[in-house]
Each structure stands twice: as structure tokens, then as C-alpha cells.
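What follows is the residue order along each chain.
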Amino acid sequence: RRFHLTGIMEALARTSGDLAALIAVKAKNLSLPYHFLTIAELYREAKQPDDALDWAERGVKAFSDNLDPRLLEFLADEHHRRRRHDEALALIWRLFENQPDLEGYQRLKQHAARADAWPHWRERALTLLRRKAEPGVNRTRERHHLWAASRDRSTLVSVFLWEKDAEAAWSEAQAGGCSRELWLRLAAARETEHPADAIPI
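Residues numbered from 1 in each chain as written. Predicted model: local features only at pLDDT ≥ 70, side-chain atom pairs only at ≥ 80, totals over all residues. Heavy atoms only, no water.

(A) Here's a closer look at the pattern of salt bridges. Taken as a whole and assessed by the stated rule, the structure comprises 15 salt bridges. The residue E78 makes a salt bridge to R44 at a minimum N-O spacing of 2.7 Å. Highlighted residues: E78 in helix α5 (residues 69–81) and R44 in helix α3 (residues 33–45), separated in sequence by 34 residues. With a closest N to O distance of 3.8 Å, D54 and R58 form a salt bridge. With D54 and R58 both in helix α4 (residues 49–62), this residue pair falls 4 residues apart, about one helical turn. Put simply, R44, D50, E78, R81 and R82 are held in one network by salt bridges that share partners. (Salt bridge = Lys/Arg side-chain N within 4 Å of Asp/Glu carboxyl O. Helix = DSSP H or I, 4+ residues; strand = E, 2+ residues; numbered from the N terminus.)

As C-alpha cells, this is what we get:
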């Protein structure tokens, strides 16, 4: 009942073009970070960037232990618009630390490029990924076949393959192993020039 009633109230507010009324309806339920994001987006659409920034910041503060990538990206975008690149990248780095995978790496690059600071953040990201991969290296090397190893360096391998650096990807896989899918991709990348590497895989 409450859900349907809220939907009706939002529809009426949208039809009348009453932004304040629409925000008032949405603000009654702030149980998720996404709810703050929807309000921030409404203010952005209404060309009220300061209010958009305020609601995004409130959402991140209210859910500091439950990061929503969409909300953090929205807030980072608002900081970029104001040329506060350091603040934007601090948020995206926080997100990357929480989600250190290829998608997080790509997101970090996108934002760092807006500040012309990718080399610095790339090195920092690779250092973090290597540190996270290191505890499993010894276990990996004990296996009889590296290509059957655990997924200790899968993220690093996928990052270098995405960057089209097959040699670096191969080195990481040799040092710490990666997933079966990535081994097959590496074999395909090396079969022409290094068939002796590809055949055993």
C-alpha cells in the first residue's frame, strides 16, 4: 500500500512539475544509498548542482559502511565539475580499495584521466593489486602445473590483457597463477610467436 501510494504521489508531483513536492515524497524513505542518489539526480536535472552535491555527500556519509558505486561516482563527477579532482579521486580510490578488480581499475583510469593523473594512480593501483595477490604466491608455486593454479593473480593478468600488454600479463600468470579462462586467453595470445608456451596450456 505504501509503495503504491508513494508512486501515485511521485507521479502527481512530476505531472505538476513541482520539484520540491517530488523531493519531499522521496525524502520520506532514505533507507538506501540509492534513494539519496535519485534525489541528487533530480537536483542535477533541475540545474541545481549545489543541492545535488549536498544530497550526494549526505548519502555517502549516511552509508559510509555500505558503499554504493553509483552514488560515489555521482559525487566524484560533481567534484570533477568543480575542478576538485583530488576529492573526486579520493572517492574513486576508496571504491577501488573496496572493489579491487578490473572494473574498478577501469573506473579509476576514467576518473584519473580527467585530472591528467593516470600514471600516478595506475602505479598505485598496480601496487595494491600486487600486494593483495602476494599471500597466495607461495601456495601457487607448490602446484605441479602453473596453469592449474589458484586465481592469485587473475586480476593483474586481466588488467594487463585489457591494456594489451600480453608480456606483462604472461609474467604475472607465471609468477602467481590465474584462472583457467585467463590461461586460455594467454595461450591464444602467445600461440603464434610462442607456441611452446601455448601448447602445454
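The structure having been displayed, the exposition proceeds.
(B) Quick peek at the packing of α5 against helix α7 (residues 102–114). Between α5 and α7, the shortest axis-to-axis distance is 11 Å and the interhelical angle comes to 10°. In terms of their interaxial angle, α5 and α7 are classed as roughly parallel. Only R107, Q110, H111 and R114 of α7 make contact with α5, whose side of the interface consists of P69, E73, A76, D77 and H80. (Axes fitted to C-alpha atoms, helices over the stretch in contact; angles between N-to-C directions. Parallel < 35°, antiparallel > 145°, perpendicular 65-115°, else oblique. Contact = heavy atoms within 4.5 Å.)

(C) Representation of the packing of helix α10 (residues 154–162) against helix α11 (residues 166–176) within the structure. Taken N-terminus to C-terminus, the directions of α10 and α11 make an angle of 170°; their axes are 8 Å apart at the nearest point. As the angle between them shows, α10 and α11 are arranged roughly antiparallel. From α10, L156, V157, F160 and L161 reach across to α11, where they touch A168, A169, E172 and A173. Residues belonging to the contact of α10 with α11 are distributed by class as follows: 7 nonpolar, no polar and 1 charged. (Nonpolar A, V, L, I, M, F, W, Y, C, P; charged D, E, K, R; others polar.)

(D) Expanded view of the environment of A168. Looking at the element boundaries, A168 is found in helix α11. Overall, the relative accessible area of 18% leaves A168 in the buried class. Residues A168 and V157 lie 11 residues apart in sequence; the distance between their C-alpha atoms is 7.7 Å. (Buried < 20%, exposed > 50% of the residue type's maximum accessible area, 1.4 Å probe, protein only.)

(E) Broad picture of the nonpolar core. Ranked by internal contacts, the top residues of the largest apolar core, which has 50 residues, are F96, Y105, L108, V157 and L186. The contact partners of V157, leaving out residues within four places of it in the chain, are A169, E172, A173, C178, L182 and L186. (Core = buried A, V, L, I, M, F, W, Y, C linked by side-chain atoms within 4.5 Å.)

(F) The packing of aromatic side chains, seen in detail. Applying the stated criterion across every chain yields a total of 7 aromatic pairs. For the ring pair W170 and W183, a centre distance of 5.9 Å and an interplane angle of 85° mean the geometry is edge-to-face. Taken together, the residues span a long stretch of sequence, with W170 in helix α11 and W183 in helix α12 (residues 180–190) at a distance of 13 residues. Residue classification places W170 among the buried residues on the basis of a relative accessible area of 11%. One aromatic cluster is present, formed by F36, W55 and F63 through successive ring pairs. Directly above the aromatic system of W55 lies the positively charged group of R58, at a separation of 3.9 Å from the ring centroid. Sitting over the face of the ring of W93, R124 holds its NZ or CZ atom 4.3 Å from the ring centroid. (Phe/Tyr/Trp six-rings, centres within 6.5 Å; stacked < 30°, edge-to-face > 60°. Lys NZ or Arg CZ within 6 Å of the ring centre and 35° of its normal.)

(G) Spotlight on the side chain of H80. Within the element layout of this structure, H80 appears in helix α5. Residue classification places H80 among the buried residues on the basis of a relative accessible area of 5%.

(H) Spatial organisation of the confidence of the model for the protein chain. The predicted model of the protein chain averages 89 in pLDDT, with 89% of residues at 70 or higher. In the predicted structure, residues 137–144 sits below a pLDDT of 50 and forms 14 contacts with residues beyond four places in sequence or in another chain. (pLDDT = per-residue confidence, 0-100.)

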